[in-house]
Amino acid sequence: MSTPNFDQLLEAGCHFGHMKRKWNPAMAPYIFMERNGIHIIDLYKTQAKLEDAANVLRNFAKSGKKILFVATKKQAKEILAEKAKSVGMPYVIERWPGGMLTNFPTIRKAVKKMASIDKMTKDGTFDNLSKREKLQITRQRAKLEKNLGSIADLNRLPSALFVVDVAKEHIAVAEANRLGIPVFAIVDTNSNPNDVDYIIPANDDASKSIDLILSTVCEAINEGLAERKVEKADEKAASENGEAAARREGSRRRVNRRADSAEAPASEETAEAPVAEVAE
């Protein structure tokens with residue numbers, strides 16, 4: 001994994017914060033200076049925090065854990081969807097459905113409803129419905145797909161949340177905090193970092209900044225997934241080798257038992273011969 005250097009972060013505009021009057025004092029440790037009424041983020045701290053977050057996320061992926069990506073702001077939606085798809089992780093880019101984490105079973109029911117509609121289409125049940133019913137079900141399916149299609153494979157609560165703009169996604173962050181789910185986030189100077197476990201201080205409005213940080217994070221996740229695949233292959237090979245060795249050992253024991261049983265009658269005949277001679 002290659003962490004962006006200072007120049008790359010600078011070129012992407014990661015250092016631009018918000019206006020001084022809109023700042024959150026809790027972000028003071030990550031602010032380098034003020035210029036023309038705008039806070040400038042310390043990119044050395046951004047680089048260090050980004051590397052820490054990426055390493056943790058790589059280990060999450062290596063352990064087979066799911067990370068839910070969240071960004072509903074216009075300039076981040078398409079970028080986040082593309083990056084999350086590239087590593088096979090669930091994501092939310094439309095309105096955050098309230099209770100998605102704290103009331104997860106209900107969300108799963110909605111996802112199952114989508115699957116049941118698909119089943120109706122395949123088994124022919126859908127064709128027997130009236131035109132009006134077909135239209136209603138089609139609209140319901142489209143709405144579910146828009147809001148929940150990207151989390152259809154999320155069968156259990158995610159192990160972590162990655163958020164772009166914690167101020168906008170405060171409901172998602174609050175739900176994650178309530179359930180003890182670690183939160184990774186791009187945090188700008190107008191946001192509160194106290195509810196975030198792994199802070200990446202950076203510009204959360206510029207598409208280039210968002211793209212660079214998400215690319216770094218997803219590259220780390222991809223490495224973790226690759227390591228997991230290699231480990232599984234090694235475990236499978238070791239298991240197969242162990243089974244083969246066990247079969248060879250079992251075969252050797254059977255051969256030894258057959259050899260022992262073949263020698264036993266010969267020794268008995270040898271032992272009985274002198275007895276017969278004495279009797280004569």
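Residues numbered from 1 in each chain as written. Predicted model: local features only at pLDDT ≥ 70, side-chain atom pairs only at ≥ 80, totals over all residues. Heavy atoms only, no water.

Let's talk about the overall build of the protein
Convention followed: In this description a helix means any DSSP run of H or I spanning at least four residues, a strand means any run of E spanning at least two, and both kinds are numbered starting from the N terminus. Radius of gyration here is computed from C-alpha atoms only, and the compact-globule reference equals 2.2 Å multiplied by the residue count raised to the power 0.38. When accessible area is computed with a 1.4 Å probe and restricted to protein chains, residues below 20% of their type maximum are described as buried, those above 50% as exposed, and intermediate ones as partly exposed. Contacts are assigned to residue pairs that have any heavy atoms within 4.5 Å of one another. A 1.4 Å probe and the Shrake-Rupley method give the accessible areas. Residues count as covered only by the protein chains that appear here. We count Lys and Arg on the positive side and Asp and Glu on the negative side, and we leave His and both chain ends out. Charge placement uses NZ in Lys and CZ in Arg. For Asp and Glu, CG and CD serve respectively.
What the protein contains, in helices and strands, is 7 helices and 8 strands. Taking 19 Å as the expected radius of gyration for a compact globule of 280 residues, we find that the protein reaches 31 Å, considerably beyond that expectation. Overall size of the protein, expressed as C-alpha extent along the three principal axes, is 125 × 60 × 30 Å. In the protein, buried positions account for 37% of the 280 residues. A sequence separation of at least 24 residues applies to 64% of the contacts in the protein between residues at least 6 apart. Carbon together with sulfur atoms contributes 50% to the accessible area of the protein, which is approximately 16,300 Å² in total. Separation of charge centres in the protein, based on 44 positive and 40 negative side chains, amounts to 12 Å.

Some points on the packing of aromatic side chains
Note the threshold: Only Phe, Tyr and Trp rings take part, Trp by its six-membered ring, and two of them pair if their centres are within 6.5 Å. Stacked means planes under 30 degrees apart, edge-to-face means over 60, and tilted covers everything else.
Scanning the entire structure with this criterion turns up 4 aromatic pairs. Between Phe-60 and Phe-184 the ring centres are 6.1 Å apart and the planes differ by 85°, which places this aromatic pair in the edge-to-face class. One end of the pair, Phe-60, is in helix α2 (residues 43–62); the other, Phe-184, is in strand β7 (residues 183–187), and 124 residues separate them in sequence. Classification of Phe-184 by relative accessible area gives buried; the value is 0%.

Here we look at a nonpolar patch on the surface
What counts here: Patch definition: residues with relative accessible area over 30% and no salt bridge; like charges joined within 9 Å; nonpolar side chains (Val, Leu, Ile, Met, Phe, Trp, Tyr) joined within 5 Å. Any Lys or Arg side-chain nitrogen located within 4 Å of an Asp or Glu carboxyl oxygen qualifies as a salt bridge.
On the surface, Phe-16, Met-19 and Ile-38 cluster together into a nonpolar patch covering about 250 Å² of accessible area. Within the secondary structure layout, Phe-16 lies in strand β1 (residues 16–19). The exposure class of Phe-16 is partly exposed, given its relative accessible area of 42%.

A few points about the environment of Asp-204
Note on placement: Asp-204 falls in the loop between β8 (198–201) and α7 (207–279). Note: C-alpha distance between Asp-204 and Val-92 (112 residues apart in sequence) is 17 Å. Leave out the neighbours within four places in its chain, and Asp-204 touches His-18, Lys-73, Val-164, Asp-165, Ile-186, Asp-188, Ser-191 and Ile-210.

Let's talk about the nonpolar core
The criterion, for reference: For our purposes a nonpolar core is just a set of buried Ala, Val, Leu, Ile, Met, Phe, Trp, Tyr and Cys residues, chained together by side-chain atoms within 4.5 Å.
Judged by nonpolar contacts, the single largest core of 36 residues is most densely connected at Ile-67, Phe-69, Phe-162 and Ile-221. Every element with two or more residues in this core is listed here: α2, β4 (67–70), α3 (74–86), β6 (160–164), β7 and α7. Residue contacts for Phe-162: discarding those within four places in its chain leaves Leu-57, Ile-67, Leu-68, Phe-69, Val-70, Phe-184, Ile-186, Ile-200, Ile-213, Leu-214 and Val-217. Formed by 28 residues, the second largest nonpolar core is a distinct cluster that contains Leu-68, Val-70, Met-100 and Leu-154.

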